[in-house]
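Observations on the model geometry
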Amino acid sequence: MTKLLIISTQAPYVTSAAQDALEAALAASNVGVEVTFVFAQQGLYQLLDGQDSTCVQRKSIAKQINVLPLYDIDAVYYIAEDMIDLALSSQALTSTAESIDTNKFNQLCAVSNAILRF
Amino acid sequence: MQHFLEYDGKKIEIDGNGYLLDYLDWDEELSTVIAQLEGIDLTPAHWEVVLFVRAFYEEYETSPAIRVLVKSLSNKFGPQIGNSRYVQRLFPKGPARQATKIAGLPKPAKCL
Amino acid sequence: MFVMNKFLIFVTRSPFDSLNGLTALSFCEAAIELGHEIEQVFFYQQGVQQANVDIQPATGEKNLLAQWLAFSEQTKTPLNVCVTASIKRGVLSEPDATAMRLHCNVHCAFNPVGMADYFSALNTSSSCDPDALICMQF
């Protein structure tokens, strides 16, 4: 099975990158690609609980992240070091994503057939 | 160009394909109106799927692809209802598109 | 020993605001020059603007679209543009423009496709020869 790694590195709503990354993930999964989704850098802000996107007139990124498992995308991670850099705590982040360290991230990169970074 | 759906003295904005522009404009009567335009008389079996699709969108802000719809229906109602032939019979023009339209949801992205 | 690679190219930025498109095109040209194959170029996010015929470069500036066209014609490389990403950005292919009664501004050399098309290509190529396949994102 083809392994695709999607890395989402931007904060939600400021640009369309978070949305574009999620749409790519769903489309890939729909045609049978095995998707691993990693939140890195500012992308971790997408995982914050209690997002209200109505004030920025956008669909909620948090809600769309929660749909990933229903599309058989169970490998959803964030990079622990980036969480520390951003002074976030794991309690504030959605439980859909699991914490990984840089080593594990490097391994994911190494075993993927393709990588897309948004 | 603006398009509207008029019923019961109300004027609801829709897109060129008949999907609601704002899914919050919906009420159950609106589903009946859209279904009639689609040539469907809503039975309790239709309602079950329509309301399910709507709840799905409210939770995830995205309409389910057909295989996800079928799987989720199966998880909730069992394999009798969660199978593609069953939903295809209810919504002959394609369950993903037609059920979302009747549920007052935006048109699903072409890519998805 | 020379090993032929198959490339899938993913372009994500618009022609004027970024060097992204030119970098991608130069890469494609160089790869073909060296005997590799470009299976397709896929335009996503702002990359869909690469297909926009309404973009008029200022006098004295190069027209990147013309260069994509020349490249595609010479090498028979498919240029595929994501429909969902493009409609949102006002870049309309013929069928969508007709349906919306708006004017078409996607050059006819670009194929309007779904993202599923790109990932299917990825799936197919990677299952028949995973070592030869390289996906490049620009």
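About the thresholds
Throughout this description, residue numbers start from 1 for each chain and increase along the sequence as written. The order in which chains are written sets their letters, starting at A; the order in which ligands are written sets their numbers, starting at 1. In keeping with the model being predicted, local features are shown solely for residues with a pLDDT of at least 70 and side-chain atom pairs are shown and tallied solely at 80 or more, while totals for entire chains, interfaces and linings include all residues. Think of the side-chain values as coming from all heavy atoms in the structure, minus any hydrogens and water. Contacts: residue pairs with any heavy atoms within 4.5 Å of one another. Defined here as a combined quantity, buried area equals the accessible surface (1.4 Å probe) lost by two parts on assembly, summed across both. One speaks of a salt bridge when a side-chain nitrogen belonging to Lys or Arg is within 4 Å of a carboxyl oxygen belonging to Asp or Glu. Two N or O atoms count as a polar contact when they lie within 3.5 Å, although within protein this holds only if one can serve as hydrogen donor and the other as acceptor, and sequence-adjacent residues are included solely when both atoms are side-chain atoms. Secondary structure elements are taken from DSSP: a helix is a run of H or I of four residues or more, a strand is a run of E of two residues or more, and numbering for both begins at the N terminus. Under the grouping applied here, Gly and all other residues not named as nonpolar or charged are polar, the nonpolar ones being Ala, Val, Leu, Ile, Met, Phe, Trp, Tyr, Cys and Pro and the charged ones Asp, Glu, Lys and Arg. The rule for pairing is simple: two strands pair if DSSP sees at least two bridges between them. Simply put, an axis is a line fit to the C-alpha atoms, just over the touching stretch for a helix, and the angle between two N-to-C directions goes from 0 to 180 degrees. Confidence of the predictor at the level of single residues is captured by pLDDT, which takes values from 0 to 100. Partly exposed describes any residue whose relative accessible area lies between the buried limit of under 20% and the exposed limit of over 50%, with all areas from a 1.4 Å probe on protein chains only and scaled to the type maximum.

Here the focus is the interface of chain A and chain C. Quoted interface sizes are often the accessible area lost when the parts come together. Contacts between the two partners involve 18 residues from chain A and, on the opposite side, 16 residues from chain C. At the boundary of chain A with chain C, total buried surface from both sides reaches about 1,400 Å², with 54% on carbon and sulfur atoms. In terms of surface lost to chain C, no three residues of chain A exceed Thr2(A), Val31(A) and Leu116(A), which account for 31% of the buried area on that side. Seen at the junction of chain A and chain C, the total is two salt bridges. The closest approach of N and O atoms between Arg89(C) and Asp20(A), which form a salt bridge, is 3.4 Å. If you look at where chain A meets chain C, you find nine residue pairs in polar contact (both at pLDDT 80 or more). Counting residues per element, the side of chain A that touches chain C draws most heavily on helix 1 (residues 17-30) of chain A, at six residues. Partitioning the side of chain A that touches chain C into residue classes produces 11 nonpolar, four polar and three charged.

Let us now look at the sheet that holds strand 5 (residues 114-117) of chain A. Residues and elements named next belong to chain A. Judged by pairing direction, the sheet is parallel, and its five strands sit side by side in the order 4-3-2-1-5 without closing on themselves. Looking along the sheet, the strands with just one partner apiece sit at the ends: strand 4 (98-100) and strand 5. Between one strand axis and the next, the sheet turns by 30 degrees as a mean value, whatever way the strands run. Alignment of strand 1 (residues 3-8) against strand 5, held across four bridges, turns out to be parallel.

With that out of the way, let us pick up the confidence of the model for chain B. Of the residues in chain B, 97% reach a pLDDT of 70 or more, and the chain-wide mean stands at 90. When pLDDT is averaged over each element of chain B, helix 2 (residues 44-60) of chain B comes out on top at 95 and strand 1 (residues 3-7) of chain B at the bottom at 86.

Mapped onto the fold, Ser126(C) is located in helix 5 (residues 115-128). Ser126(C) gets classed as buried once you look at its relative accessible area, which sits at 6%. Discounting residues that sit within four places of it in the chain, Ser126(C) has contacts with Thr2(A), Asn113(A) and Leu133(C).

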